[in-house]
Amino acid sequence: MKTVKKQASAQNNTAEASPSDSELPQEQASVAYRPASTNPGAMPADVEQMILTQISYPRQARRKGWQGKATFHLNVREQKLAKLDLFHSSGYELLDRAAMRGIQAVGKLPLANGLYSLPVEFRLQ
């Protein structure tokens, strides 16, 4: 918020600010604070498969017949998981947590720096 005020005062040194001056910093702020997770890249199939093999289907969820698909956003830096976000829940916290544990268990990720989307589907067969 301080940045917006500084921008407004730098653009107009008078006591009054015109409506266009006050709108401009707000528009800039909305662009600056846009979540990075809105545009993740596709993950290569071989890396996706490597990660999915680390995820276990919880026994309790199997007994209760719980199924669902969760989507995660992975922020990768220097081939390591820098941040993991649950973008869309499976509908069951137990399944979401199991997927997160499996994803976090992967050590080195052979990916370039960036944001990737990973769907994880729990389905009984």
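Nothing here was measured: the structure is a model prediction, and the numbers come from that model.

The rules behind these values
- Position numbers for residues count from 1 along each chain, tracking the sequence in the order it is written.
- The predicted nature of this model means local features are confined to residues of pLDDT at least 70 and side-chain atom pairs, given and counted, to a pLDDT of 80 or more, with totals for whole chains, interfaces and linings taken over all residues.
- Computation of side-chain values: all heavy atoms of the structure, hydrogens and water removed.
- Going along the chain from the N terminus, every DSSP run of H or I of four or more residues is numbered as a helix, and every run of E of two or more is numbered as a strand.
- Every residue pair with non-hydrogen atoms within 4.5 Å of one another is taken to be in contact.
- For Phe, Tyr and Trp, rings pair up if their centres lie within 6.5 Å, where Trp contributes its six-membered ring, and each pair is then called stacked (planes under 30 degrees apart), edge-to-face (over 60) or tilted (otherwise).
- Note on classification: 1.4 Å probe, protein chains only; a residue is buried when its accessible area is under 20% of the maximum for its type, exposed when over 50%, partly exposed between these limits.
- Whenever a carboxyl oxygen of Asp or Glu lies within 4 Å of a side-chain nitrogen of Lys or Arg, that contact is scored as a salt bridge.
- Scored between 0 and 100, pLDDT is the confidence that the predictor attaches to each residue.
- For patches, a residue must show more than 30% relative accessible area and have no salt bridge; joins then use 9 Å for like charges and 5 Å for nonpolar side chains, namely Val, Leu, Ile, Met, Phe, Trp and Tyr.
- A 1.4 Å probe and the Shrake-Rupley method give the accessible areas. Residues count as covered only by the protein chains that appear here.
- Charge convention: Lys and Arg are scored as positive, Asp and Glu as negative, and His as well as the terminal groups of each chain are ignored.
- To locate a charge, take atom NZ for lysine, CZ for arginine, CG for aspartate or CD for glutamate.
- Put simply, buried Ala, Val, Leu, Ile, Met, Phe, Trp, Tyr and Cys residues joined by side-chain atoms within 4.5 Å make one nonpolar core.
- DSSP bridges decide pairing: two strands pair if at least two such bridges lie between them.
- Under this scheme, a helix contributes an axis fitted over its contacting stretch, all axes are lines through C-alpha atoms, and angles between N-to-C directions fall in the 0 to 180 degree range.

S.K.: Provide a residue-level description of unusual backbone geometry, including the pertinent values.
M.R.: Even without glycine at this site, E78 takes up a positive phi of about 50°. Inspection of the secondary structure puts E78 in the loop between β2 (68–77) and β3 (80–88).

S.K.: Outline the side chain of S90, supporting the account with residue identities and numerical values.
M.R.: For S90, the location among the structural elements is in the loop between β3 and α5 (93–105). Those residues in contact with S90 that lie beyond four places of it in its chain are Q67, G68, K69, A70, L95 and D96.

S.K.: I'd love a proper account of the packing of aromatic side chains, names of residues and values included.
M.R.: In the structure shown here, the tally under the stated rule is two aromatic pairs. Ring centres of Y57 and F122 lie 5.1 Å apart, and the angle between their planes is 80°; on these two criteria the pair is classed as edge-to-face. Of the two residues, Y57 sits in the loop between α3 (45–52) and α4 (59–64) while F122 sits in strand β4 (residues 114–122), which places them 65 residues apart along the sequence. On the accessibility criterion, F122 (4% relative accessible area) is buried.

S.K.: How would you sum up the pattern of salt bridges? Please name residues and give values.
M.R.: Under the criterion given, the structure shown has two salt bridges. In this structure, the salt-bridge partner of D85 is K83, at a minimum N-O distance of 3.9 Å. Among the residues examined, K83 registers a relative accessible area of 47% and is labelled partly exposed. The residue R97 makes a salt bridge to E93 at a minimum N-O spacing of 3.7 Å. In this pair, R97 and E93 are both assigned in helix α5, four residues apart and thus about one turn of the helix distant. Classification of R97 as partly exposed rests on a relative accessible area of 40%.

S.K.: Summarise the confidence of the model for the chain; cite the residues concerned and give the values.
M.R.: Per-chain confidence: the chain averages 78 in pLDDT, with 70% of residues scoring 70 or above. Low pLDDT, under 50, characterises residues 1–37; the stretch is placed with 15 contacts to residues that sit more than four places away or in other chains.

S.K.: Kindly report on a positive patch on the surface, identifying the contributing residues and their values.
M.R.: Where like charges cluster on the molecular surface, the positive patch consists of R59, R62, R63 and K64. Mapping R59 onto the fold places it in helix α4.

S.K.: Run through the nonpolar core, naming residues and quoting values.
M.R.: Among the nonpolar cores identified, the biggest contains 23 residues, and M43, I51, F72, L74, I103, V120 and F122 are the most heavily contacted of them. Elements that contribute at least two residues to this core include exactly α3, β2, α5 and β4. Sort the elements by how many residues they give to this core and α5 lands first, with five residues. Discounting residues that sit within four places of it in the chain, F122 has contacts with I55, S56, Y57, P58, Q67, G68, L95, A98 and A99.

S.K.: Residues and numbers for the sheet that holds β4, please.
M.R.: Spatially, the four strands line up as an open sheet ordered β1-β4-β2-β3, and their pairing is mixed. Here the strands that pair on one side only, and so sit at the sheet edges, are β1 (41–42) and β3. As paired strands, β2 and β3 are joined by seven bridges and run antiparallel to one another. Within the sheet, the bridge partner assigned to H73 lies in β3 and is D85. The strands touched by α3 are β2 and β4; relative to β4, the strand with the most contacts, the crossing angle is about 55°.

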